[in-house]
Amino acid sequence: GEAVSGQPDDVVLAAIANRTRIAFELDPSQAELWVNRFADALHAARQNDPLLHGRLLRFQAELAEQHSDLKGAHEYLAQALSMYKAGLSQPGISATLLHNGQVYARQAHWVEARKELQRGTAVRIRMLDGKGAADGLEMLADVEQQLGNREVSKQLAQWVRVIRADGPVDWQAVRLTIQSP
């Protein structure tokens, strides 16, 4: 648990972050409470880790979305992206870009959604994160469909199936597919 000084340590912060994620997934009415607990613990720990601050900002973006404040969600995500870039966290950068793409898609801002989803998926591909890449490609396929790019959408959906089936993946070909049109 607690550090000798009485400040929350990294294990406590990670546990509160995990509990906050669970609140969003299982009991959204409790999410705000847990976001506030995470913010308070982070402040009490005097922790300057950009990854933890980025995670808090992403939680705050989710809260803004819950309250239908999509402009606020974009602002929190922009701040989170800066934190993750400062911390050189590829998973954080990717998750933030993908999340921002989803917010744009909710707003039916398809061109912006495509741009963010392409960027976030490209990071997952560079990381050779098959599950994350497939999730990004799936979101991107939906956006391409909305933009009327049915052929690109079909190609992306095919890559999702190949990746999820653990088949051989030509990552260079996947990269080229996400960059069209």
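Provided above is the structure to which this section pertains.
Cut-offs and rules
- Residues numbered from 1 in each chain as written.
- Predicted model: local features only at pLDDT ≥ 70, side-chain atom pairs only at ≥ 80, totals over all residues.
- Heavy atoms only, no water.
- Phe/Tyr/Trp six-rings, centres within 6.5 Å; stacked < 30°, edge-to-face > 60°.
- Lys NZ or Arg CZ within 6 Å of the ring centre and 35° of its normal.
- 1 Å grid on protein atoms, 1.4 Å probe; cavity = no way out; pocket = protein on both sides within 12 Å on 5 of 7 lines; lining within 4 Å.
- Points joined across faces, edges and corners; volume = space filled by probe spheres on them.
- Helix = DSSP H or I, 4+ residues; strand = E, 2+ residues; numbered from the N terminus.
- Axes fitted to C-alpha atoms, helices over the stretch in contact; angles between N-to-C directions.
- Parallel < 35°, antiparallel > 145°, perpendicular 65-115°, else oblique.
- Left-handed = near helix turned anticlockwise from the far one by under 90°.
- Contact = heavy atoms within 4.5 Å.
- Nonpolar A, V, L, I, M, F, W, Y, C, P; charged D, E, K, R; others polar.

Trainee: Honestly, the packing of aromatic side chains in this entry has me stumped. Any pointers?
Mentor: In this description, a pair of aromatic rings is defined by centroid distance and the angle of the planes. Scanning all chains against the criterion turns up two aromatic pairs. Through a chain of ring-to-ring contacts, three or more aromatic side chains come together here, namely Phe24, Phe38 and Phe59. In this structure, Arg37 is placed above the aromatic ring of Trp34, and the distance from its NZ or CZ to the ring centre is 4.4 Å. Sitting over the face of the ring of Phe59, Arg55 holds its NZ or CZ atom 3.8 Å from the ring centroid.

Trainee: Explain the layout of surface pockets to me, please; I cannot follow it from the model alone.
Mentor: Over the atoms a probe the size of a water molecule is rolled, and this reveals where empty space is left. Each pocket or cavity is described by its volume, and for the largest pocket that value is around 270 Å³. Contributing to the lining of the largest pocket are 13 residues, with Arg58, Ala95, Leu98, Gln102 and Arg124 lying nearest its centre. Among the secondary structure elements, those contributing two or more residues to the lining of the largest pocket are helix H3 (50-66), helix H5 (90-106) and helix H7 (130-146).

Trainee: Sorry, what's going on with the packing of helix H6 (residues 110-126) against H7 here?
Mentor: Two measures define how a pair of helices packs: the angle their axes make with one another and the distance between the axes. Here H6 crosses H7 at 160°, and the two axes come no closer than 9 Å. By the criterion of interaxial angle, the relationship of H6 to H7 is roughly antiparallel. At the point where H6 passes H7, the crossing takes the left-handed sense. Facing H6, whose interface residues are Trp110, Ala113, Arg114, Leu117, Gln118, Thr121, Arg124 and Ile125, H7 presents Gly132, Ala133, Gly136, Leu137, Met139, Leu140, Val143, Glu144 and Gln146. Residues that form the contact of H6 with H7 fall into these classes: nine nonpolar, five polar and three charged.

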